[in-house]
Structure formats: C-alpha cells, structure tokens
Amino acid sequence: MNLHQDLITQIALLRFRAQVSYSEHQHTKEAFELTRAFIERGYQKIQQEGAGELHTHYEETRLKGYMMVWRQNVTWYGSSVQYCALDFDWTDPKSVMWATQKLLELRPLLDHDCELMLSARYASILGVALSVGFGIDSVILLGDPQRSLNKLIECYDPPKQLGFLNLDIRPIKSRREVDQIIRLKRDYFTAHPEYCWFGAHEEHLKQHRHELERSVLLSRRGKTETVEDQTQIWVIYRDRTFLGNCSYTVQSSNPMWGHSAGLEIMLHPLIQKKSVVKTVYRVMLESMINRGVHVYKGGTAQPAVMGLGLLMERPVFSWVLRKNTAFGPEHFSPYLPEEQSAISLKSLRT
C-alpha cells in the first residue's frame, strides 16, 4: 500500500470508529469500505484538483485527528457543495484541543455552502463549530421500530386511522398520486426552505419521483409483499383533496445499517399540529416491524418530529452543520448536548 492509500485508510478508520460506536451501525468490511470511499473522493479532489485542504494531527506515529475541506460538484443534493470532514479521538483531551484550534484556524476556508456532518460523539466541539459560523441545519436520528412503537403507544396510543379528522390514510395506488406528492414537496419546501434547503431542487425531486414511481409499478405487479428493497408509501386525503404522504424505503442489507429504513413525512400545513404525525408514525412503525426492519434513520429540523424522537428514545447520530441556516441552536434543544445549554450555544453563534 502506497503512502497516499495508507493515509486514506487511517483517516477512514478514525471516522469509522465514531460510526461504529453506535450499535445500530454495521461493523463490517463492507461498511468500512463505504466510509473509505467517501474519504478517498475528498482526498482525490484535494490532491488532483487542488480543490481544498487536508490537515492532520499525530501523537507519535498514530493519527489522532484530521480536518479535510473540499468542493464536490456532483452531490446527492443536486447542487455543488463544499464538504468538511472532521474526525478525532474524542476521548483524548489533546485531540479535542487540536480539533478546536483547527476549526478556528480554518474558518476563512469555509465557503457559504459548506457542510459538516458532525458526529454526536464530538459534542464537546459543537459550540466551537457554531462560533466559527456554522449553524445547525438538521439532526440525524436513529431509531428502533419496536422500541419507538412501544413508547408511542404507551404515551399517546394514537389511532391507526385519521377518521376523527375526516382524513383517510391509505397505500398509494397511482402515478397521478406521485405527481401530487412531488407537487406538495416542491411547493412546501419552496415556501419553507428552512426545513430542507434542497427539498425543492429539481434534481432532487427527479430522483425522488423515480423512487416513488418504482414503488407504484411494483405494487401494480403484485410485488409489494415480496420485494424487500422498495419504498412503502401512504397518501392522506380529505374527501378528494390530497393533503399529505408518508413513506419509508427499505434496504434489507444496507452496508452501513443492515435491515434498515429511511423515512419521509410530508403534511400539508392544513393538517399540521393536529396529531396527524403520531398516527403516521404508528402506521409506518407497525409496517416496518412486520418487514423485520431493525433500525430506521432520518434527518429533520421539524419540532414535532424531534419531540416525538425524544419520546421514542431515538438517539442523535449526528448534527448536520451548514454555514447558512434558518434556526438558532435553541431550535434543536431536544438534541443538544446535555452539558451545554441552548442559551450558551446561541451566544456562540456570531
């Protein structure tokens, strides 16, 4: 292995250590290789195109921290993004201090669209990240479907249907409903980009439409119960008026999360804050359990979702930090570090 490849592996191992500190994350060679591929993409951008910087911290010969910044033009979001990757030995005070100093030192390097996915293991430097111009864009939450369902029923026991609000929630049936889902998503996130800055981007909507249409096609072919890796979708109506949808995408053997699901909820403002989301969660969680899903994962800035997440004992996996955000840190108070108050974090964001 040449020196470049060895360094990439060491950096990836440092990042992987934080990831697998969560029992929900797969501790396998395949999972590590995905982490390594992410690091290698950034490293190649820096080395071959000069599109960023890499800084490392060693104690004797052991890598204990790194910070890497690079620009990625083609991304999942559908637009160019400057990525910042930062990992360090969070149990070592010297490494924590190095990460703190490096964030302050590299502040001028961070562009307006910079994104840092900060592991919750690095809670000790969240305040510093906010002080150099980052804000919290969203939180990535994990969840055990059975535990979540138990807690939800114990506290609220929400109905399985929405008749009490004159609403009907049912599985999606047609491509026409896919059009309605995409329209609602585009309209909502155009009006409220603070909850998902890329939600109305056409490239993202195109990818989402493809996923939804595939699910409808499989359903029409009678494969809903036999195909594991697909999107399960429900739509919400009042009479003939489309007012929302919810879905989760199953992956029976996700390299990082095993038999897992990623979920999405979209509710028209007319039916928000009316306990609809509780029933939506019950419907999806029961379906996940029936399909043997072990962990579900999703990012959010919605207060209702964070509140329910806390109730359902969903741990925070990471904070998504960006340079341009709509909310102060106090907005995410259910998932701020225990040792730091929302007020103290807010004061650091200058």
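Coordinates for the structure precede this section.
Report on the accompanying structure. (Residues numbered from 1 in each chain as written. Predicted model: local features only at pLDDT ≥ 70, side-chain atom pairs only at ≥ 80, totals over all residues. Heavy atoms only, no water.)

This paragraph deals with helix H9 (residues 303-311). Those residues of H9 lying buried are Val305, Met306, Leu308 and Gly309. Seen from one end, H9 has its buried residues packed into an arc of 165°, which puts them on one side. Looking at the buried side of H9, the elements it contacts are strand E5 (135-143), helix H5 (145-155), helix H8 (276-290) and strand E10 (295-300). Just downstream of H9, Glu313 is the residue with a positive phi angle, here 60°. (Buried < 20%, exposed > 50% of the residue type's maximum accessible area, 1.4 Å probe, protein only. Helix = DSSP H or I, 4+ residues; strand = E, 2+ residues; numbered from the N terminus. Arc of directions from axis to C-beta. Contact = heavy atoms within 4.5 Å.)

Right, let's get into the sheet that holds E10. One open sheet accounts for 11 strands, arranged E1-E2-E3-E4-E11-E5-E10-E9-E8-E7-E6; its pairing is mixed. In this open sheet, the two strands that pair with only one neighbour each are strand E1 (52-59) and strand E6 (168-171). Neighbour to neighbour, the strand axes of the sheet diverge by 20° on average, direction disregarded. Where strand E9 (residues 258-267) lies against E10, three bridges are found, and the strand directions are parallel. Opposite Gly262, over in E10, you have Lys297 as the bridge partner. Running over the sheet, helix H6 (residues 175-191) touches E6, strand E7 (231-238), strand E8 (241-254) and E9 and is turned about 100° from E8. (Pairing = 2+ DSSP bridges. Axes fitted to C-alpha atoms, helices over the stretch in contact; angles between N-to-C directions.)

This next bit is on the packing of helix H1 (residues 3-19) against helix H2 (residues 29-49). At a minimum axis separation of 8 Å, H1 and H2 run at an interaxial angle of 130°. Considering their axes alone, H1 and H2 lie oblique with respect to each other. Two packed elements cross with a definite hand, and for H1 against H2 that hand is right-handed. On H2, the residues that touch His4, Gln5, Leu7, Ile8, Thr9, Ile11, Ala12, Leu13, Arg15, Phe16 and Gln19 of H1 are Ala31, Phe32, Thr35, Arg36, Phe38, Ile39, Glu40, Tyr43, Gln44 and Gln47. (Parallel < 35°, antiparallel > 145°, perpendicular 65-115°, else oblique. Left-handed = near helix turned anticlockwise from the far one by under 90°.)

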